[in-house]
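Residue-level listing of the chains:
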Amino acid sequence: MSVASLSRFVLAHKRLVVAGWILVTVVAIASVSSAVGALSQDFSVPGREGAETSQAILQTYGNGGQNPPLVPVVTLPPGTTVDSPGVKEELAALDGRIQAAAPGVRVASFASTGDRGAFVSEDGRTTFVLIFAGIGEGFAELPQVTAVREALVGAGVAGAPVQLSGYSELDTGGSGGEGGGALVETLIGAGGALVVLAWVFGSFLALLPLLVAGVSILTTFLVIWGVTFVADVSFIVEFIVALIGLGVAIDYALLIVTRWREEREAGVPNETAVQRAMETAGSAVVFSGITVGIGLFALVVLPVPFLRSIGYGGILIPLVSVFVAVTLLPVLLAMIGPRLDWPRFRRGSQESRGWSAWARLVVRRRWIAAGAASAVLVLLLIPALSLNVGDPSAESLAKGGAASDGLRALEESGIGPGVLLPFEVLAQGTDPGAVATALGQVDGVRVAVAPEGETWRRGDGAVVAVLPAVDANSDAGGAALDRVREAAHDLPGTVRVGGQAAVNADFIDAVYGNFPLMIGLISVVTYLLLVWAFRSILLPLKALILNVLSVGAAYGVLVLVRQEGYGADLIWGYSATGAITAFIPLIVFAFLFGLSMDYEVFILARMREEYDATGSTDEAIVRGIGLTGRLVTSAALILFLAFGALASGPVVVVKILATGLAAGILLDATVVRALLVPATVSLLGHWNWWLPASLSRFVSHQGGGHAGPVAPIAGEAD
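What comes next concerns the included structure. Each chain has its residues counted from 1, following the order in which its sequence is written. The predicted nature of this model means local features are confined to residues of pLDDT at least 70 and side-chain atom pairs, given and counted, to a pLDDT of 80 or more, with totals for whole chains, interfaces and linings taken over all residues. As a convention, hydrogens and water are excluded, and side-chain values are obtained from all of the structure's heavy atoms.

Once that is clear, we can look at the overall build of the chain. Strands here are runs of E lasting at least two residues and helices are runs of H or I lasting at least four, both read from the DSSP assignment and numbered beginning at the N terminus. Scanning the chain for helices and strands turns up 26 helices and ten strands. Along the first, second and third principal axes, the C-alpha set of the chain runs to 90 × 50 × 45 Å. Counting only contacts in the chain whose residues sit at least 6 apart along the sequence, the fraction spanning at least 24 positions is 81%. Of the accessible surface of the chain, which amounts to about 26,100 Å², a share of 63% is contributed by carbon and sulfur atoms. A contact between two residues is defined here by any heavy atoms of the two lying within 4.5 Å. Throughout, the Shrake-Rupley method with a 1.4 Å probe supplies accessible areas, and for residues the shown protein chains are the sole cover considered.

As a further point, take the pairing of strand 1 (residues 70–75). A simple rule labels every residue: compare its accessible area, found with a 1.4 Å probe on the protein chains alone, to the largest value its type can have, and call it buried under 20%, exposed over 50%, or partly exposed in between. Across the six residues of strand 1, five count as buried, placing the element largely inside the fold. Bridging between strand 1 and strand 3 (residues 126–132) involves four bridges; their strand directions are antiparallel. When the sheet's bridge partners are listed, Val 73 is paired in strand 3 with Phe 128. Any two strands with at least two DSSP bridges between them are considered paired.

Looking now at unusual backbone geometry. Note the cis peptide between Trp 342 and Pro 343, where omega equals 5°. Within the secondary structure, Pro 343 sits in the loop between helix 13 (305–340) and helix 14 (353–364). The phi angle at Ala 158 is positive, at roughly 55°, despite the residue not being glycine. Structurally, the position occupied by Ala 158 is in the loop between strand 4 (156–157) and strand 5 (160–166).

Right, let's get into the pairing of strand 5. Here is the key point about a regular strand: its side chains alternate between the two faces of the sheet. The buried fraction of strand 5 amounts to six of the seven residues, a majority that puts the element mostly inside the structure. Pairing analysis gives five bridges linking strand 1 to strand 5, with the strands arranged antiparallel. What sits directly across from Val 73, in strand 5, is Gln 163. Bridge count for strand 4 against strand 5 is two bridges, and the pairing is antiparallel. Bridging from a neighbouring strand, Gly 156 pairs with Pro 161 of strand 5. The turn joining strand 4 and strand 5, which pair antiparallel and follow one another in sequence, is formed by two residues; a positive phi near 55° is taken by Ala 158.

Take helix 4 (residues 87–101) next. Between the first and last C-alpha of helix 4 there are 21 Å, a value that for 15 residues agrees with the 21 Å anticipated at 1.5 Å per step. All buried positions along helix 4 are accounted for by Val 87, Leu 91, Leu 94, Asp 95 and Ile 98. Buried residues of helix 4, viewed axially, fall in a sector of 95°; they line one side. Summarising the geometry of helix 4, the exposed residues directed more than 90 degrees from the buried face are Glu 89 and Ala 100. Here a helix's expected span is defined as the number of its residues, less one, multiplied by 1.5 Å. This arc is built from the directions going out from the helix axis to the C-beta atoms.

The antiparallel open sheet is built from five strands, whose spatial order is 2-3-1-5-4. Each edge of the open sheet carries a strand with a single partner, namely strand 2 (106–109) and strand 4.

Okay, the pattern of salt bridges next. Salt bridge, as used here, is a side-chain nitrogen of Lys or Arg placed within 4 Å of a carboxyl oxygen of Asp or Glu. Scanning the model with the defined rule gives 20 salt bridges in all. The salt bridge partner of Glu 271 is Lys 14, with a shortest N-O separation of 2.7 Å. Within this pair, whereas Glu 271 is found in helix 12 (residues 270–300), its partner Lys 14 is found in helix 2 (residues 14–37), the two being separated by 257 residues in sequence. Among the residues examined, Glu 271 registers a relative accessible area of 37% and is labelled partly exposed. Asp 668 serves as the salt-bridge partner of Arg 673, at 2.8 Å between the closest nitrogen and oxygen. Across the pair, Asp 668 and Arg 673 agree in class, each one buried. Shared partners join several salt bridges into a network, and the residues in it are Arg 259, Glu 263, Arg 276 and Glu 609.

Here the focus is helix 3 (residues 49–61). A rise of 1.5 Å per residue sets the reference length of helix 3, with its 13 residues, at 18 Å; its end C-alpha atoms lie 18 Å apart and thus fit the reference within 8%. Turning to helix 3, its buried residues number three or more, namely Gly 50, Ala 51, Thr 53, Ser 54, Ala 56, Ile 57, Leu 58 and Tyr 61. Just beyond helix 3, the residue with positive phi is Gly 62, at close to 80°.

Below is the structure:
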């Protein structure tokens, strides 16, 4: 069914459509908590040693695995060591305090093992405890972690305070990881969106896109709940659906409402205006939704369940938003649109004199515009080439407070940051003590310990903690992990290596080996769709190239700001991460590729329409940018605000993801869409619209247009 036929159907059955959406929304509201509760916490890569070992440890012992330990650190006063009278008893009491506050945690320390070489610095003044807890829901922390933190408030040994450190404590600043949650961040984004929409429309029409977004988000959660019955869906989808859904649904509604208003301004009767808006803007919205979905489909083909589930959620976001926009929105415009278009501080026509003037300037100075925009992108692409995929170093996460003080104490005492991310080795059918002795001699390992007791040993299995001499997330730490794995596999029995560092290494190996295939698949399918839609061979190719450049430039910003730390301390209060969390470049690529193509379709669809009407490429550029410039800028600003809300949480990994997405949207809407797109279209001239006659019968002929070869037009660039 075409968009025109669908809009005629919904306009003929307004009450039925409204009643249906009210029912769906009520059910979605009632089930949203169940949908969120059904989301998976699993980040593992099936069939990989690190993930399977970590999962086995978590299932057997109820803690640890890929979850890094909490690490309380004590630096005794000068003249006092762990051998001083009463100190060991106080350390044992500290262990007891921890286990009483959080039963079920797995603890290892100098007091519990008597292993001075493993848990005490050479001068005897600094010691630490390893506390392995379970895994919390989403970014929320486990109650055990909260209990440990509260139990250590005011705790001390020999008059020295206990500094609670650990990788997760450094990541969240010791304040927990829950933050405001997706609901609060979505409300922040919606508030910013309402301000932008009020500026665009100057009337109560600003409420319609927000209504469409609300229905779309809730409906998407309802559909995702159904998906959870047949496949795991990651909890990260909760944030992505809420915030990406907010931006995409508003974008689609913004385009349709603006076109409807334009038709009304021309004196067209209301329902006819709705029908025309759906036939033009509605068709562009449908195609945009498909292209966004293709970009996100890339995640579905990757061999990692949690990324695949993000792909499911990502595909559903634009598809559901499109469905709401082409069914509910036209009915609302027909029923209450004219009444909401008050007090009309802004005219209905979307054409902007400022954007039209800008487009004329770009067309006149197309070589300068293309060169300047290309220079900006190339300058950002250069640092993107040094993108280092992996978890941030512990040092980069230190922001001050007890967690940072504990890390400093470990470094200054000579113990080092390696104890924050130990390799957890599961030894079965062999002597764990012998395993610890063997692995402790591996180059790059500080020490390995095999504590006794049922919290560390079950049946014929035991957990051995291997503490690297350096940060496990560093290059040297990765090399040490490889050597530990090799040594473990040579030992008697079954000895496997888990822990967060091992899981991360397996993830990178599994995913990035398929990354070129993913990019190629997306590019081919998107290109064919664009050829069909724009009736052109070169225009889609140019769009793909610009999209890849846009994503690459966003990577450059990630490297400069997050990996290298330029401005990070000033803006976010921490130093360079040294690496970008492994899954972030994938998600940034998938979403930015789709969203960038979304804007490309909005602009080029209008240019194609204007070209079909005028036969002039340059006039089509000026009219197309004049009519869509404000739309694209507003849509990009709304998404930018949504990503800004995402960056407001306390979790560093979420901030990094939000930085990449926000930078990509900003670059795409300014440097690419406002400068490079019109300049390159003008440079290509009539070649933009060239299509071999042999292909003309296979492509779209909407809008009446120049399918097939197009003759050169006087005054245009060849």
